[in-house]
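Now for the letters of each chain:
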Number of protein chains: 2
Amino acid sequence: MPKNRKLNRPVILGIVGDSGAGKTTLAQGIASILGPSRVTMICTDDYHRYSREERALSGVSALDPKGNYMDIMEQHIQLLRAGRPILKPVYNHTNGTLDAPEYVEPGEYMIVEGLLGYSTRAMRDCYDVKLYLEPQEELRAAWKMQRDVSKRGYTADEVRRQIEKRLRDGITFIRPQRTFADLVLSFRHPVASSLGEPEEDDKDTASYLNARHTLRPTLPHPDLTPIVEGSKNGIRLELARDIDGKPVDVLEIEGDVDDKRAKAMEDLLWNLIPEANHLRSNLGQYMDASQETRMSHPLALSQLLITYHLVKAAMGHYAI
Amino acid sequence: MPKNRKLNRPVILGIVGDSGAGKTTLAQGIASILGPSRVTMICTDDYHRYSREERALSGVSALDPKGNYMDIMEQHIQLLRAGRPILKPVYNHTNGTLDAPEYVEPGEYMIVEGLLGYSTRAMRDCYDVKLYLEPQEELRAAWKMQRDVSKRGYTADEVRRQIEKRLRDGITFIRPQRTFADLVLSFRHPVASSLGEPEEDDKDTASYLNARHTLRPTLPHPDLTPIVEGSKNGIRLELARDIDGKPVDVLEIEGDVDDKRAKAMEDLLWNLIPEANHLRSNLGQYMDASQETRMSHPLALSQLLITYHLVKAAMGHYAI
């Protein structure tokens with residue numbers, strides 16, 4: 001076992017959110033901080049019970065638990081948590097077929113991302129950290145369009161129709177899982193008036209997006225008061241009521257937060273996990289629509305906040 | 001739970017033997033006695049790690065544990081024994097590809113048949129009854145030829161080459177599992193002199209085959225002395241040393257046993273499992289090479305002897 005580790009089973013991060021919410025991108029970013037060789041990622045969408053063709057015939061949505069092997073998904077997450085390998089089914093997103101399964105061994109860290117990862121109590125009990133991604137709806141539509149056209153072989157019209165058709169499924173099957181998350185992360189466009197007019201080529205890119213974290217008291221979140229006391233520019237922490245009326249902390253990180261302040265929060269978080277200081281690098285990078293590597297403070301600080309919890313979990317701080 | 005049942009988990013019969021040993025045929029025969037709806041069958045050959053094409057390139061044999069997901073096979077048998085469903089991989093015997101997995105729920109009875117089912121201690125601990133099939137080598141070659149040409153799309157020449165090539169693999173990987181079986185069943189041609197010349201069209205059909213059971217003391221076998229004392233015609237039970245020198249009972253049922261004597265053994269076995277008397281039917285039927293349904297006493301009595309153990313196991317007689 002590595003020195004900076006006390007837990008003798010995989011640490012599991014869950015990422016749930018609707019189609020196009022940015023789950024895979026966030027998962028890859030966190031994996032690249034922890035070191036890809038230490039992280040095993042699986043996608044719960046692989047547990048689709050029907051091919052795209054079969055779904056078209058039957059009308060069962062891919063977002064409906066009935067259209068997925070939910071009991072097997074639960075069983076496999078339990079097995080991975082117990083450190084055992086699985087033979088994971090494979091849903092081929094490119095052509096919509098069910099392919100031969102693949103052998104997956106649990107890593108030191110596991111990221112389990114997908115549409116339905118918090119559907120059952122037994123599943124939810126397997127995660128160390130549960131994240132729910134809820135970008136502003138227009139952002140999600142744009143992200144989904146970009147990916148489904150470039151990587152999954154759909155036409156723009158097909159994606160538009162699918163977004164519309166699946167809106168109700170998302171509300172029915174995906175959104176109820178939000179309530180089980182320890183953190184709800186929402187990327188959003190800043191309110192126009194607070195920002196002025198962005199340069200044309202910066203529009204819709206994450207460098208201007210704000211990150212809003214809803215922090216539930218189900219995890220011991222780091223003490224951010226040294227950062228947020230005094231100035232409220234760029235980073236704010238506020239007590240609020242969540243949409244379900246429950247008390248939460250809301251952490252708002254603005255897209256235009258200045259470098260110095262972002263650096264201060266970054267340093268504070270790294271200092272709280274000295275065991276992981278060798279991982280400092282590559283924070284907040286993403287590919288924009290023209291495949292350029294860019295950097296975003298809200299993305300960087302969001303990745304780091306989640307990494308903070310994973311490292312704490314690995315140190316055994318969250319073990320029962 | 002049905003009235004004639006005390007065990008609250010599936011009863012599992014293992015059938016292991018080399019390629020063409022008659023595993024599937026025997027499994028289907030036993031399932032048809034117990035009632036197909038109460039029996040779930042799985043084949044451990046579905047856990048092949050490589051497609052036929054990949055095996056041809058790498059030279060890894062399908063009979064080699066290295067060419068199979070042995071840990072997943074073990075895990076799945078354990079899950080089924082615990083009454084949990086699995087998502088079983090699928091090896092397509094027709095074209096040699098790895099296909100989409102299939103959902104399998106445990107039945108009241110399970111038959112797990114294949115090449116490598118007794119490879120690990122943890123697997124072996126899952127079975128209630130372990131059978132090893134070891135037909136006379138020339139019979140196995142004939143059966144394999146018939147099946148691989150008619151059902152798996154091979155030419156006769158390809159099958160012959162495969163039988164030769166795999167002989168060593170069988171000795172290395174399959175045969176060592178024989179020692180873990182509770183029963184070793186060997187169909188064989190009667191010694192010619194004891195039988196006279198069979199009619200031409202009966203040659204090589206199971207109606208003239210003898211069945212030899214090697215009965216290990218790892219299961220409480222039924223008391224057959226009422227049948228075998230006195231006359232030794234057609235059915236014999238003898239104390240013997242197995243090929244490994246260990247003491248065993250050898251039960252020999254000859255192909256030409258007369259109907260009356262076969263009926264006496266049948267009645268004796270059914271009377272020992274009154275709970276299962278509603279199942280009496282269809283014993284010993286098989287399809288000959290010309291697809292005619294035929295009847296064999298040795299096959300009937302072998303099926304019944306195995307069924308006897310499964311019913312006893314279901315009644316909880318073999319529970320720890």
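Residues numbered from 1 in each chain as written. Chains lettered and ligands numbered in written order. Predicted model: local features only at pLDDT ≥ 70, side-chain atom pairs only at ≥ 80, totals over all residues. Heavy atoms only, no water.

## Section: the overall build of chain A
Item 1. The helix and strand inventory of chain A stands at 9 helices and 12 strands.
Item 2. Taking 20 Å as the expected radius of gyration for a compact globule of 320 residues, we find that chain A reaches 19 Å, a close match to that expectation.
Item 3. By its C-alpha atoms, chain A is 60 × 50 × 40 Å across when sized along the principal axes.
Item 4. Looking at chain A as a whole, 53% of its 320 residues are labelled buried.
Item 5. A sequence separation of at least 24 residues applies to 71% of the contacts in chain A between residues at least 6 apart.
Item 6. Of the accessible surface of chain A, which amounts to about 14800 Å², a share of 51% is contributed by carbon and sulfur atoms.
Item 7. Both charge centroids of chain A, one from 42 positive and one from 46 negative side chains, sit 5 Å from each other. (Helix = DSSP H or I, 4+ residues; strand = E, 2+ residues; numbered from the N terminus. Rg over C-alpha atoms; globule rule 2.2 N^0.38 Å. Buried < 20%, exposed > 50% of the residue type's maximum accessible area, 1.4 Å probe, protein only. Contact = heavy atoms within 4.5 Å. Areas by Shrake-Rupley, 256 points an atom, 1.4 Å probe, with all protein chains shown as cover. Lys, Arg positive; Asp, Glu negative; His and termini not counted. Charge placed at Lys NZ, Arg CZ, Asp CG, Glu CD.)

## Section: the relation of the copies chain A and chain B
Item 1. After a rotation of 180° and a shift along the axis of 0.0 Å, chain A superposes on chain B with an RMSD of 0.0 Å. Interpreted geometrically, this transformation is the action of a two-fold axis. The position closest to the rotation axis in chain A is occupied by the C-alpha of Ala100(A), lying 2.3 Å away.
Item 2. Here 100% of the interface residues in chain A have copies in chain B that are interface residues too; the copies meet face to matching face. (Least-squares fit on C-alpha atoms with pLDDT ≥ 70 in both.)

## A short note on the pairing of strand E6 (residues 129–133) of chain A
All names here are of chain A.
Item 1. Within E6, 5 of the 5 residues are buried, which leaves the element mostly enclosed by the surrounding structure.
Item 2. Sheet topology places E6 next to strand E7 (residues 183–188); 3 bridges connect them, and they run parallel. Across the sheet, residue leucine 131 finds its bridge partner in E7, namely leucine 183. (Pairing = 2+ DSSP bridges.)

## Remarks on the pairing of strand E4 (residues 97–104) of chain A
Residues and elements named next belong to chain A.
Item 1. Across 6 bridges, the pairing between strand E3 (residues 86–92) and E4 is antiparallel. Counted as the bridge partner of asparagine 92 is threonine 97 from E4.
Item 2. Counted between consecutive antiparallel strands, the loop separating E3 from E4 contains 4 residues, among which glycine 96 sits at a positive phi close to 75°.

## Some thoughts on the interface of chain A and chain B
When the parts of a complex come together, some accessible area is lost, and that lost area is often used as the size of the interface.
Item 1. Each partner contributes residues to the interface: chain A has 16 residues there, and chain B has 16 residues.
Item 2. Contact between chain A and chain B buries roughly 1500 Å² in total, counting both sides, with carbon and sulfur atoms accounting for 58%.
Item 3. The three residues of chain A that bury the most area against chain B are Gln75(A), Leu87(A) and Tyr103(A), which together make up 34% of that side's buried surface.
Item 4. On inspection of chain A and its partner chain B, the count reaches 0 salt bridges.
Item 5. By residue class, the composition of the side of chain A that touches chain B is 11 nonpolar, 2 polar and 3 charged. (Buried area = accessible area lost by both parts, 1.4 Å probe. Salt bridge = Lys/Arg side-chain N within 4 Å of Asp/Glu carboxyl O. Nonpolar A, V, L, I, M, F, W, Y, C, P; charged D, E, K, R; others polar.)

Everything listed here is a matter of geometry and, on its own, says nothing about what the molecule does.
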